Amino acid sequence: MEFGPHLILAMLEGLVQASVLTLTALGLSLVFGVMRVVNVAHGEFFMLGAVFAWWITSLIGGPAALAFVIALVVAPILVGLLAVAADWLVLRRVEYDPERTIVATIGLLFIIQQVTLMTYGPDAHPVAPPFNKRFAIPWFEFGENGFQMYWPWGLSTTTYKLFVIFGAIVAGLGLWLLMARSKLGLILRATQLDSEMAQAFGIPVERVYAFVFGLGAALAAFGAVLVVPIQQAHYLMGGDPLLLSFIVVIIGGLGSLRGTVVAAILIGMSDGIISVFFTPTLAKIMATLLVAMVLVYRPQGLFGTNAE
Amino acid sequence: MAAMTLLSARGLSRSFGGLRAVNNVDFDLAEGEIRALIGPNGAGKTTFVSLLCGRIPASSGRVEFLGQDVTDLPAHKRISAGMSYTFQITSVFANLTLFENVALAIQPRLGNANLDQAIAAALTRVGLQDRTDQIAGDLAYGHQRLLEIAMGLGQQPKLLILDEPTQGLADGEISAFKSLIREVAAHTTILLIEHNIDVVMALADRITVLNFGEIIAEGKPDEIHANAAVQSAYLGG
Amino acid sequence: MNRALALHIGLIAVLFALQFTLPAYHHGNLARIMVLAVYAMGYNVMFGYTGLLSLGHAMFFTAGMYGMGMATRLWDVPVGPAFLIGVLAGSVFSLIVGILALRTKGVAFMIVTLMFSQATYLTILLFNDVTRGDEGFVIQQAKRQVAGIDLSDPGNRYLVALALFAIVLLATLRLVRSPTGRVLVAIRENEDRATMLGYDVWRHKLFAVVMSGTIAAAAGAAYGVLFGTVGASFAEVPFSILALLYVLLGGPGTVIGPFVGTLFMFYLRDISSSFTDAHLLVSGIVLVLLTLYARRGILGIVRERWLKWLP
């Protein structure tokens, strides 16, 4: 394949990754932004989304499309409710102390992961996509015969991958509408700015926190359900999304939703390109060191502005 | 009496965002005096002394202590050089015993040797000698303030900065405090931020008045008492 | 004050006596527990006393283990000097990590240490032709000799583990009762106030990190020598969390706490392994319960209720 079509293909694959990453990272960022806590179990909520999707689709059977749509709605809700329960039972009781919350969510990470191992098992399971038509993408070229359109071999994608991108955009817009345009969003932003003041104005901060924690987990789960027909569900699949979300949230500036989206698209897109040049292990080493160095030298994120 | 200058500041400023909390202040402190720093709430008193002892870096200006430019020294080095700062909001080590609290103040000077006697002496000076093994956080508020002062004294500083030391003290404790300060002043220079005007009048050799981050008056207690600018700053001119 | 010293020497004496009475299985376990407790004691200097919550302590253990292991494997260094190379590797590594990570505080510090540790683990995997990656490697019995003493023999192994444990236990006791130890506690309790008493907080923190990292590296190197295995699983995140768990359970900021935590946790996992392979489940549950209900750990509670003098 020539360079042009190859690049288009890499960008399309990257865009699919970026879409899912955006949702997962938005969840983490939302929780950090409003509640000022880091949820280390975030990747496990992602994993649960995928596992629930498998569970729901295999339970329902019938036409793949119907089962998938149900999973797309039900799995994030279930994961969200689980997260609300975790918030109510654990996070609320450690009073959202930043350090204790991290330690507690590490505990939750182990618990969720190991319980999944004990029930769902160590194997990966696929989920059938609702539709999956492969189609070729045309390419243009100015040759001897002037302007020409042709279909290079290998330059193709599937309708389902386009649907993943579409689904992420819809969910992202939904979140934006919720935050910017609804009364609930106003409450969330007020809590984010000053939780004590919000409390004084009669906002039930504890319930807001529970909701936000649930919503954050549900966003990750939604991303996971979208990606599971491409990726398969496995009990250890939460690690990479957690690391990548960390990178995105930290580089985008902690708690900034706009920065998160920009960083997620950038990193999701470049992930595919980086993996062409480096082994996955080396790429991950660079990613972890990048996170560490950004925190050490530019804690406000690469795109954030200095608070002082 | 040409007393030596212990500390001097020139053009000292600090802004937070757009707000100038301390604006271009020149300030001299003679060795051995008791200086009171007064001014309405939000005048920048705490910020100003924080600039002197290095808790907050200055936006511009210089600070000299004992004839040396300390502007670029971090707080802990200024403290080692002989400053001591007691916090406005009581900030003793609440989970540690009084013994440990005072030990932390004294050990840079004495190491582990003779620490017990020195701690007992420091606590005796403020009348807390019977509470050596209590946890500091369990003390009444007034006693915590006294512990702060004991820690400040334990450092044997050349300059003792006290940020509202009598806040929350009972009347009896205040008079004990006054005699303690007079005693200490024999070999220590004292810079005192104080709201209680009786304490100020009773103790201070000189008074500096800060308003909106600038010095609006400086002089002996009776001069300040008569000063019109001070009156209007307090009464809202 | 000397009842504290007596208590700690008493503990060492009890551990010495136990070698004659314990059945082989528990005898072997206790040797391992003592080495792991050294790892936890290192962590305790940083987290329990200085208040620096690191999530990546495994990297220092690993530095010691691989520093020692690489030296014997690649250059045939005898295990005695190789052990020292491992310890030194840990000191240097913790110095570098400390200088970088201590620019951050609180949550950022936790994440930075987590990331450095993860990068260390991945680096071991990356160079798998020399480190043998995930599989790790074995240090042959023939090499595990110091001055003619066979360290793979269970009896000798127990004594060496006890010696290391005793040295580190008494060294930590001495440290925390010294003026420096007092400053570390002051930094944990109120950093700003410690600065305003004239202490160089940054330098003390760096000291704590290096001290802590060096002790952890000694544990890692000793583990490799005594049990003959060097493996990347000791560099993974759960092993870092294990240090946190041992200290949280035993009592952060108590000298014996790490040992008590390691002992309990080791047997808890040992017992649970008979009915589930998901051993991390136990860690997870204990972690959540500790954060919720017992932040001071076992000895922290003992100190609060009964033994106020416990260091």
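Use the structure listed above.
Residues numbered from 1 in each chain as written. Chains lettered and ligands numbered in written order. Predicted model: local features only at pLDDT ≥ 70, side-chain atom pairs only at ≥ 80, totals over all residues.

1. Details of the nonpolar core
No. 1: Ranked by size, the top nonpolar core spans 279 residues in total, and within it Ala221 of chain A together with Val38 of chain C carry the most contacts.
No. 2: The dominant element in this core, judged by the number of residues it contributes, is helix 8 (residues 205–231) of chain A, at 19 residues.
No. 3: In this structure, Ala221 of chain A is in contact with Phe45, Phe46, Leu48, Gly49, Ala75, Pro76 and Val79 of chain A, ignoring residues within four places of it in sequence. (Core = buried A, V, L, I, M, F, W, Y, C linked by C-beta atoms within 7 Å. Buried ≥ 20, exposed ≤ 12 C-beta atoms within 10 Å, placed from the backbone. Helix = DSSP H or I, 4+ residues; strand = E, 2+ residues; numbered from the N terminus. Contact = placed C-beta atoms within 7 Å.)

2. A closer look at the interface of chain C and chain A
No. 1: In this complex, chain C contributes 32 residues to the contact, which on the side of chain A involves 31 residues.
No. 2: Ranked by the residues each element gives to the side of chain C that touches chain A, the list is headed by helix 5 (residues 106–126) of chain C, at 14 residues.
No. 3: A per-class count over the side of chain C that touches chain A returns 23 nonpolar, 8 polar and 1 charged. (Nonpolar A, V, L, I, M, F, W, Y, C, P; charged D, E, K, R; others polar.)

3. Remarks on the packing of helix 4 (residues 115–125) of chain B against helix 5 (residues 141–154) of chain B
All names here are of chain B.
No. 1: Where helix 4 meets helix 5, the axes come as close as 9 Å, and the angle between the chain directions of the two elements is 130°. Taken together, the axes of helix 4 and helix 5 are oblique relative to one another. Note that helix 4 runs across helix 5; the crossing there is right-handed. The residues of helix 5 that touch helix 4, namely those facing Ala122, Leu123 and Arg125, are Ala150, Leu153 and Gly154.
No. 2: Its residues placed into classes, the contact of helix 4 with helix 5 shows 4 nonpolar, 1 polar and 1 charged. (Axes fitted to C-alpha atoms, helices over the stretch in contact; angles between N-to-C directions. Parallel < 35°, antiparallel > 145°, perpendicular 65-115°, else oblique. Left-handed = near helix turned anticlockwise from the far one by under 90°.)

4. Quick word on the arrangement of the chains
No. 1: The structure contains 2 pairs of chains in contact, of which chains A and C account for the largest number of contacts.
No. 2: Where chain A comes nearest to chain B, the C-alpha atoms are still 7 Å apart, and the two do not contact one another.

5. Concerning helix 5 of chain B
All names here are of chain B.
No. 1: End to end, helix 5 covers 20 Å across 14 residues, agreeing with the expected 20 Å (1.5 Å per residue, within 8%).
No. 2: Burial analysis of helix 5 places 12 of its 14 residues in the buried class, which makes it a mostly covered element.
No. 3: In the core, the buried residues of helix 5 are packed alongside strand 6 (83–86), helix 3 (98–110), helix 4, strand 7 (159–163) and helix 6 (171–184). (Expected span 1.5 Å × (residues − 1).)

6. Some thoughts on the environment of Leu226 of chain C
Residues and elements named next belong to chain C.
No. 1: By secondary structure assignment, the location of Leu226 is in helix 10 (residues 201–227).
No. 2: The exposure class assigned to Leu226 is buried, which follows from the 24 C-beta atoms found within 10 Å.
No. 3: Those residues within four positions of Leu226 in sequence are excluded, and the remaining contacts are Ala31, Val35, Leu151, Arg157, Val160 and Ala161.

7. A word on the sheet that holds strand 3 (residues 34–38) of chain B
All names here are of chain B.
No. 1: Across the sheet, 6 strands lie side by side as 6-7-8-3-9-10; this open sheet has mixed pairing. The open sheet has two free edges, formed respectively by strand 6 and strand 10 (214–219), since each of these has just one partner strand. Averaged over all pairs of adjacent strands, the angle between strand axes in this sheet comes to 15°, irrespective of strand direction.
No. 2: In this structure, strand 6 lies alongside strand 7, joined through 4 bridges in parallel fashion. Note on strand 7: the bridge partner recorded for Tyr85 is Ile161. (Pairing = 2+ DSSP bridges.)

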